[in-house]
Amino acid sequence: MKFFLDTANLKEIREGASLGIVDGVTTNPSLVAKEGRSLEEVAREICDLVDGPISLEVISIESKEMIEEARRLARLHKNVVVKLPMIREGVKALKVLSGEGIRVNMTLIFSPSQALIAAKNGAYIVSPFVGRLDDISSEGMNLISDILKIYDNYGFNTQILVASIRHPVHVVQAARLGAHIATMPYSVLEQLLKHPLTDIGLEKFLADWQKRKELLPK
Ligand code: E4P
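As the structure is a computational prediction, the values presented were derived from the model and not from experiment.

S.K.: Looking at this structure, how should I read the packing of aromatic side chains?
M.R.: The geometry of an aromatic ring pair comes down to the distance between the two centres and the angle between the two planes. Tallied over the entire structure, the rule returns three aromatic pairs. With 5.6 Å between their ring centres and 55° between their planes, Phe-110 and Phe-129 make a pair best called tilted. With Phe-110 in the loop between β5 (104–109) and α6 (112–120) and Phe-129 in the loop between β6 (125–128) and α7 (130–135), the pair connects residues that are 19 residues apart, well separated along the chain. Judged by centre distance (6.3 Å) and plane angle (45°), the rings of Tyr-154 and Phe-156 are tilted. Take Tyr-154: its relative accessible area is 60%, and that puts it in the exposed class. In this structure Phe-156 comes out as partly exposed when scored by relative accessible area, which is 24%. Taken together, Tyr-151, Tyr-154 and Phe-156 form an aromatic cluster joined through their ring pairs.

S.K.: I would appreciate a short explanation of the site of the ligand in the present structure.
M.R.: Around the ligand, the structure places Asp-6, Thr-26, Asn-28, Lys-83, Phe-129, Arg-132, Ala-163, Ser-164 and Arg-166. Take Asp-6: an N or O atom from its side chain is 2.7 Å from an oxygen atom of the ligand. Here an oxygen atom of the ligand sits 2.7 Å away from a polar atom, N or O, in the side chain of Ser-164. Protein burial of the ligand: of its 340 Å² of free accessible surface, 85% is covered by the chains. By residue class, the composition of the shell around the ligand is two nonpolar, three polar and four charged.

The rules behind the values
Residues numbered from 1 in each chain as written. Predicted model: local features only at pLDDT ≥ 70, side-chain atom pairs only at ≥ 80, totals over all residues. Heavy atoms only, no water. Phe/Tyr/Trp six-rings, centres within 6.5 Å; stacked < 30°, edge-to-face > 60°. Helix = DSSP H or I, 4+ residues; strand = E, 2+ residues; numbered from the N terminus. Buried < 20%, exposed > 50% of the residue type's maximum accessible area, 1.4 Å probe, protein only. Near = heavy atom within 4 Å. Polar contact = N/O pair within 3.5 Å; in protein donor to acceptor, adjacent residues only side chain to side chain. Areas by Shrake-Rupley, 256 points an atom, 1.4 Å probe, with all protein chains shown as cover. Nonpolar A, V, L, I, M, F, W, Y, C, P; charged D, E, K, R; others polar.

That is the geometry; function is a separate question.
Right under this line is the structure:
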């Protein structure tokens, strides 16, 4: 399973990358706005830190403008994947861009039918938002298993990127189902590698070793 960081914060990306387990990065307009810098500037620096797919989202909502914006973003770096919203205009833009060989991540996916349409038009990635579905008392993970089943039925190559992850259990559930990618905030990546029993165990090992050292001849 690939791990992506869902952030535009360079400090977090640098930290995550130093662990060697970050395969890519996803951003969205809200995350980029938090950094207070231009998308192009942030994007170039992210591409220098992580050698993997970097999703950059368009802000246009008409297909003609989306296509122009997407082409411009794709030219920034070979690793850029353009993110388009799953709306009617986005579907039109997807068809044109995927035909040109531009990799597209269809975002804001909340239903199996949206994921099916995105795959039919050649999406490289789909981003179903599990956390936001959970937030409205809907089982977000059911959407992931539905999309996996549908893609398997027809042999679609579109990768399923589980988005809007809120906690480590979301990542483990997505891995159990066999989703291709999980994108997560830096805090969730940290939580994934921690266990209190590991810390307690290590503390005890080191304390026991210190006692033993006192017994050794000086
Ligand atoms: C996906 O690429 C989105 O950026 C992201 O996962 C949205 O998550 P949120 O629901 O926590 O904002």
